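# Descriptive analysis of the structure
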Amino acid sequence: MRVLLTGHQGYLGSVMAVRLAEAGHDVVGLDSGLFADCVLGPNPADPPTIAVDLRDVTVEQLAGFDAVIHLAALSNDPLGSLAPTLTYDINHFASTRLAKLSREAGVRRFLYASTCSVYGAAGEDLVGEDAPLRPVTPYAESKVRVEDDLVQLADDDFTPVFLRNATAFGFSPRLRADIVLNNLVGHAVLSGEVRVLSDGTPWRPLVHAADIADAFLAALVAPRESVHCRAFNVGMAENNLTVAQIAEAVVEAVPGSKLVITGEAGADPRSYRVDFARITEHLPAFVPQWTVAAGAVELHSAYVEHGLTEQAFTKRFTRLARLADRQSAGSLADDMRPVGARVL
Ligand SMILES: NC(=O)c1ccc[n+]([C@@H]2O[C@H](COP(=O)([O-])OP(=O)(O)OC[C@H]3O[C@@H](n4cnc5c(N)ncnc54)[C@H](O)[C@@H]3O)[C@@H](O)[C@H]2O)c1
C-alpha cells in the first residue's frame, strides 16, 4: 500500500516507518521536524518526506495514498496543559482537517493515534473501548474530539480507525525520556536511583513502540469490516502495572540501582487499567511481544551503548524542554512552526 505517515520523525514514527517499509509498504512521511535531531545512536534513515506543518497540509499533498497513519501531535499531557490552545489547534483542528482532506483526496483508510488516557480517572476497574471517556487533560480531550469528528466522516469509502495506545516504552532512534519506563531507566543509569515521585500506586498500561507499530500494521491491512470506525486499545494485559511494579522492573534491569519512592508528587488522577481483549479478537495478526521487564533491559543496554548523557536526557529527549530550548534559540516560533532552515 502507499501510506502517508504523519509524525514519522517522532518517537513512535521513527520505529513505525521502518516496520511499514519492511512489511512492503511504500511509505512517505510528513512532519515539521520538531524533534528531528533528537537522535540517540546512529541517524535513522527517514522515508521520503513532506516537510510541512500539519496545519498547512493541502489536498494535493494527500493525493495518491491508500491510507494515512496519523501520529503527528503535540504529544504529552504536560505539553498540552502548558499550551492548551496550540494543543487544540494542532491535535484537534488540524487533525480533523487532515482527515477531511484525506477523504476528499480519495484516501480510504485513516488510522488515528489516540490514547488510553481518554479514559481518564477510571479507578480500579478494567476499561474496555466502550467505557465512558473522561479525559482529564487538554491533550486527552483533544484526542476524544478527533475521534468524535472522525466518526462523522466515516462512510463507505472512508474508514477511520482509532488506535488508543497505552503509554509507550522502548528504544527508538528518536528517543523520548519523558515517558515513564524510558524515564526511570534513564535516571537509574545516570544516578543509580529509580526515583518514583508518586506513591507508586497509580496503574499505568504500557506498550512497546515496536508493538504499537505492529498494531497499526495489522489495522492497515485488516478487512474493512473488522476495523471500520472502531476503537482498539493497543497493549497487552501483562503490561497493566502499577508505577511501583514498573520501578521494580527497572531495579532488576539496571545493575546496582536502588528504589526510592518519594511520594512528593501527591495524588495522580491518571490511574487506569485497560482491557485489551478487543484487539486480540479483531486483529489476530497483532501479537504483542514486549514485556516491561524486557523493555527495561533493552533500554538499559541502548543507553549504555550509545552513551546517554544527563544533558541529552533532561533536555534533548524531554519534549517540553526541547521545544522551550528551540524557541529560545529562535528556531521555533511561538506557534510551534519551525523558523528558517529545518533542523535535521
Ligand atoms: N508515546 C506515547 O506514549 C503515546 C501514547 C499514546 C498515544 N500516542 C500518540 O502517538 C502519536 C506519536 O507519539 P510520539 O510519542 O511519537 O510523539 P513525538 O512527540 O515523539 O512525535 C510527534 C511528531 O509529530 C510531529 N509534529 C507535531 N506537531 C506537528 C505539526 N504541527 N505539524 C507537523 N508535524 C508535527 C513532531 O515533529 C514529531 O515528529 C501522538 O499522536 C501521540 O499522541 C503516543
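These lines cover the structure that appears in this document, whether it is placed above or below. Just so we're clear, the structure is a prediction, and the values are computed from it rather than from any experiment.

### Section: the overall build of the protein
Counting secondary structure elements, the protein contains 12 helices and 14 strands. By the compact-globule yardstick of 20 Å for 344 residues, the protein fits well, its C-alpha radius of gyration being 19 Å. When its C-alpha atoms are laid out on the principal axes, the protein stretches across 55 × 45 × 35 Å. Each of the 344 residues in the protein was classed as buried or not, and the buried ones make up 56%. Counting only contacts in the protein whose residues sit at least 6 apart along the sequence, the fraction spanning at least 24 positions is 82%. Total accessible area on the protein stands at roughly 13,500 Å², and carbon and sulfur atoms take up 52% of it.

### With respect to the packing of aromatic side chains
Scanning the model with the defined rule gives 1 aromatic pair in all. Its end group placed over the ring of Phe-35, Arg-319 keeps NZ or CZ at 3.7 Å from the ring centre.

### Some words on the site of the ligand
Around the ligand, a shell composed of 30 residues is seen, among which Asp-31, Leu-54, Leu-71, Tyr-139 and Arg-319 lie nearest. The backbone of Ala-168 places a nitrogen or oxygen atom 2.8 Å from an oxygen atom of the ligand. A distance of 2.6 Å separates an oxygen atom of the ligand from a polar atom in the side chain of Arg-319. When the ligand sits alone it has 830 Å² of accessible area, and the protein chains cover 98% of it. A per-element tally of the shell around the ligand places strand E5 (residues 109–115) first, with 3 residues. For the shell around the ligand, the per-class residue count stands at 15 nonpolar, 10 polar and 5 charged.

### Remarks on the sheet that holds strand E4 (residues 67–70)
Pairing in this open sheet of 7 strands is parallel, and the strands run E3-E2-E1-E4-E5-E7-E11 from one edge to the other. Both edges of this open sheet fall to strand E3 (49–50) and strand E11 (230–234), since each of them pairs with a single strand only. Where strand E1 (residues 2–6) meets strand E2 (residues 26–30), 5 bridges bridge the pair, whose relative direction is parallel. What sits directly across from Val-3, in E2, is Val-27. Contacts between helix H1 (residues 11–22) and the sheet are confined to E1, E2 and E4, with E1 contributing the most and set at about 170° to the helix. Taken strand by strand, helix H6 (residues 209–221) contacts E1, E4, E5, strand E7 (159–165) and E11, and its axis lies near 150° from that of E5.

### Topic: the sheet that holds strand E10 (residues 203–208)
Judged by pairing direction, the sheet is mixed, and its 3 strands sit side by side in the order E8-E10-E12 without closing on themselves. Two strands lie at the open edges of the sheet, namely strand E8 (167–169) and strand E12 (240–242), each paired on one side alone. When the angles between neighbouring strand axes are averaged without regard to direction, this sheet yields 50°. The pairing of E10 with E12 spans 3 bridges and is classified as antiparallel. Across the sheet, residue Pro-205 finds its bridge partner in E12, namely Asn-240.

Criteria and thresholds
Residues numbered from 1 in each chain as written. Predicted model: local features only at pLDDT ≥ 70, side-chain atom pairs only at ≥ 80, totals over all residues. Heavy atoms only, no water. Helix = DSSP H or I, 4+ residues; strand = E, 2+ residues; numbered from the N terminus. Rg over C-alpha atoms; globule rule 2.2 N^0.38 Å. Buried < 20%, exposed > 50% of the residue type's maximum accessible area, 1.4 Å probe, protein only. Contact = heavy atoms within 4.5 Å. Areas by Shrake-Rupley, 256 points an atom, 1.4 Å probe, with all protein chains shown as cover. Phe/Tyr/Trp six-rings, centres within 6.5 Å; stacked < 30°, edge-to-face > 60°. Lys NZ or Arg CZ within 6 Å of the ring centre and 35° of its normal. Near = heavy atom within 4 Å. Polar contact = N/O pair within 3.5 Å; in protein donor to acceptor, adjacent residues only side chain to side chain. Nonpolar A, V, L, I, M, F, W, Y, C, P; charged D, E, K, R; others polar. Pairing = 2+ DSSP bridges. Axes fitted to C-alpha atoms, helices over the stretch in contact; angles between N-to-C directions.

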